[in-house]
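For reference, the chains in residue letters:
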Amino acid sequence: MYVGELLKSLDRAPSGVPGLDDLIGGGFLPGRVYLVVGPPGSGKTTLGIQFLMSGVKNGEKGLFVSLFENPKLITQDMLRYNFGLLGHVQAGKIVFNDFGQILFGAGRKFAWDELIKYLLEIIRKEEAKRVVIDSFNSLEYSVVDPENKRMALGKLMRKLHELDVTTLITSEMMSSESYTDEYYLTDGVIVLHHFMRNFQMVRALQVLKMRGVPHDSNLKRIRFTEEGIRVYPEAPF
Ligand SMILES: Nc1ncnc2c1ncn2[C@@H]1O[C@H](COP(=O)(O)OP(=O)(O)OP(=O)(O)O)[C@@H](O)[C@H]1O
Ligand SMILES: [Mg+2]
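Residues numbered from 1 in each chain as written. Chains lettered and ligands numbered in written order. Predicted model: local features only at pLDDT ≥ 70, side-chain atom pairs only at ≥ 80, totals over all residues. Heavy atoms only, no water.

Here's the deal with the nonpolar core
Leu63, Phe99, Leu119, Val131, Phe136, Leu139 and Leu156 are the most contacted members of the largest nonpolar core, which has 35 residues in total. Only strand E1 (33-38), strand E2 (62-66), helix H6 (112-126), strand E4 (130-134), helix H7 (149-163), helix H8 (181-185) and strand E6 (188-197) provide two or more residues apiece to this core. In this structure Leu139 touches Leu67, Phe99, Leu103, Trp112, Leu115 and Leu119, once residues within four positions along its chain are discounted. Counting 34 residues, the second largest nonpolar core, distinct from the first, contains Leu52, Leu192, Leu205 and Met210. (Core = buried A, V, L, I, M, F, W, Y, C linked by side-chain atoms within 4.5 Å. Buried < 20%, exposed > 50% of the residue type's maximum accessible area, 1.4 Å probe, protein only. Helix = DSSP H or I, 4+ residues; strand = E, 2+ residues; numbered from the N terminus. Contact = heavy atoms within 4.5 Å.)

Written as structure tokens, this is what we have:
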């Protein structure tokens, strides 16, 4: 490996989420693949859009691959925040891909390898520097070979590392006690939590894992603001 390549690993890709970069030494490592996992409505998609918005500020094109939801509805929802998303979409700096058209349109199931090939084709074609894949576990319902998931994700990750795109993969949290392949294979894991405490809904973020980076892994309070998710340095309760 070249020294230049090794030194590049000292760079950081800001997450776009106020307060998050302070927990992870300044931001994500560029070119790595991260998992954002959480229960319904915990902020996975919002965090993904904030991440793409932040890339645009650095001149990096963003690609949002929606595996299940109609991207039109996602865009509509995200326009309710003060991100200024519309201008970037119109300028082609953030592109939405409707992968659901492939999944629902074919009227059949796919092999994992086929789906990974399609995903990589889209990412290569768009030449994006930041990619969000939302939500990865949706693919599990469309495959004929569920036993190949770990190999497929491993392959996708290797290719994404080669392409040098910084990627957020979102995933729905099935259980807080069991860890799916995504947790092990990705370079870092951010868990979004929401739970009831004293009859109050508590929202929190936790950096569960961040390879190569010392980080604070305690639960931190988050709030949804007009600028999206904001992380506060204190515990959520
Ligand atoms: N404009 C807004 N201002 C403040 N909070 C908002 C706004 N729009 C949505 N929210 C909050 O964000 C939550 C949804 O966030 P988001 O869609 O990112 O979650 P998600 O984890 O992707 O959900 P899902 O699992 O359904 O895909 C809503 O339930 C609401 O609490
Ligand atoms: Mg979502």
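Points about helix H3 (residues 71-78)
Those residues of H3 lying buried are Pro71, Ile74, Thr75 and Met78. Each buried residue of H3 lies within a common arc of 100 degrees when the element is viewed along its axis, so the set occupies one face. Capping the start of H3 is the job of one residue whose side-chain oxygen sits 2.8 Å from the backbone nitrogen of Lys72: Asn70. (Arc of directions from axis to C-beta. Polar contact = N/O pair within 3.5 Å; in protein donor to acceptor, adjacent residues only side chain to side chain.)

Notes on the pairing of strand E8 (residues 220-225)
Taken together, the two bridges between strand E7 (residues 200-210) and E8 define a ladder with antiparallel strand orientation. Considered in E8, the bridge of Ala204 is made with Arg221. Pairing geometry for E8 and strand E9 (residues 228-231), over four bridges, is antiparallel. Note on E9: the bridge partner recorded for Ile222 is Val231. (Pairing = 2+ DSSP bridges.)

Some words on the site of ligand 1
Around ligand 1 sit Pro39, Pro40, Gly41, Ser42, Gly43, Lys44, Thr45, Thr46, Arg80, Tyr81, Arg203 and Phe224, and those are all the residues in its vicinity. Contacts to ligand 1 include Ser42, whose backbone N or O atom sits 3.2 Å from an oxygen atom. In the environment of ligand 1, an oxygen atom lies 2.5 Å from a nitrogen or oxygen atom belonging to the side chain of Thr46. Out of a free accessible area of 650 Å², ligand 1 has 61% covered by protein chains. It is helix H2 (residues 44-57) that provides the largest number of residues to the shell around ligand 1, a total of three residues. Of the residues that constitute the shell around ligand 1, the class distribution is four nonpolar, five polar and three charged. (Near = heavy atom within 4 Å. Areas by Shrake-Rupley, 256 points an atom, 1.4 Å probe, with all protein chains shown as cover. Nonpolar A, V, L, I, M, F, W, Y, C, P; charged D, E, K, R; others polar.)

A look at the packing of aromatic side chains
Within a pair of aromatic rings, the relevant descriptors are the distance that separates the centres and the angle that separates the planes. Summed over all chains, the structure comprises 10 aromatic pairs. Relative to Phe237, the ring of Phe195 lies with its centre 6.1 Å away and its plane at 70 degrees, an arrangement referred to as edge-to-face. Placement of Phe195 in strand E6 and of Phe237 in the segment after E9 is noted, with a sequence separation of 42 residues between them. Residue Phe195 is classed as partly exposed on the basis of its relative accessible area, which comes to 26%. (Phe/Tyr/Trp six-rings, centres within 6.5 Å; stacked < 30°, edge-to-face > 60°.)

Things to note about empty space enclosed by the protein
As enumerated under the stated definition, the model contains one cavity of 30 Å³ or more in all. Along the walls of the largest cavity sit 13 residues, with Ser171, Glu172, Met174, Thr180 and Tyr183 positioned nearest its centre. Of all elements in the fold, only strand E5 (166-172) and H8 reach the threshold of two or more residues within the lining of the largest cavity. Taken together, the residues of the lining of the largest cavity break down into four nonpolar, five polar and four charged. (1 Å grid on protein atoms, 1.4 Å probe; cavity = no way out; pocket = protein on both sides within 12 Å on 5 of 7 lines; lining within 4 Å. Points joined across faces, edges and corners; volume = space filled by probe spheres on them.)

Details of the UniProt feature "domain: KaiC" (unreviewed entry) in the protein chain
Within this numbering scheme, the UniProt entry marks residues 11-237 as carrying the feature "domain: KaiC" (unreviewed entry). For residues 11-237, the end-to-end C-alpha separation is 33 Å, with 30% helix and 26% strand making up the annotated structure. (UniProt positions renumbered as here; feature names shortened; annotations may be inferred.)

Here we look at a nonpolar patch on the surface
The grouping of Tyr179, Tyr184 and Leu208 at the surface amounts to a nonpolar patch, some 300 Å² of accessible area in total. One can find Leu208 in strand E7. A relative accessible area of 32% means that Leu208 is categorised as partly exposed. (Patch = residues over 30% accessible without salt bridge, like charges linked within 9 Å, V, L, I, M, F, W, Y side chains within 5 Å. Salt bridge = Lys/Arg side-chain N within 4 Å of Asp/Glu carboxyl O.)

Side note on the layout of surface pockets
Remark: the empty space left among the atoms is shown by a probe the size of a water molecule rolled over them. There is about 340 Å³ of room inside the second largest pocket. Lining the second largest pocket are 19 residues, and of these Lys44, Thr45, Glu69, Asp134 and Glu172 sit closest to its centre. Listed by contribution, the elements that provide at least two residues to the lining of the second largest pocket are H2 and H3. Broken down by class, the residue content of the lining of the second largest pocket amounts to six nonpolar, eight polar and five charged.

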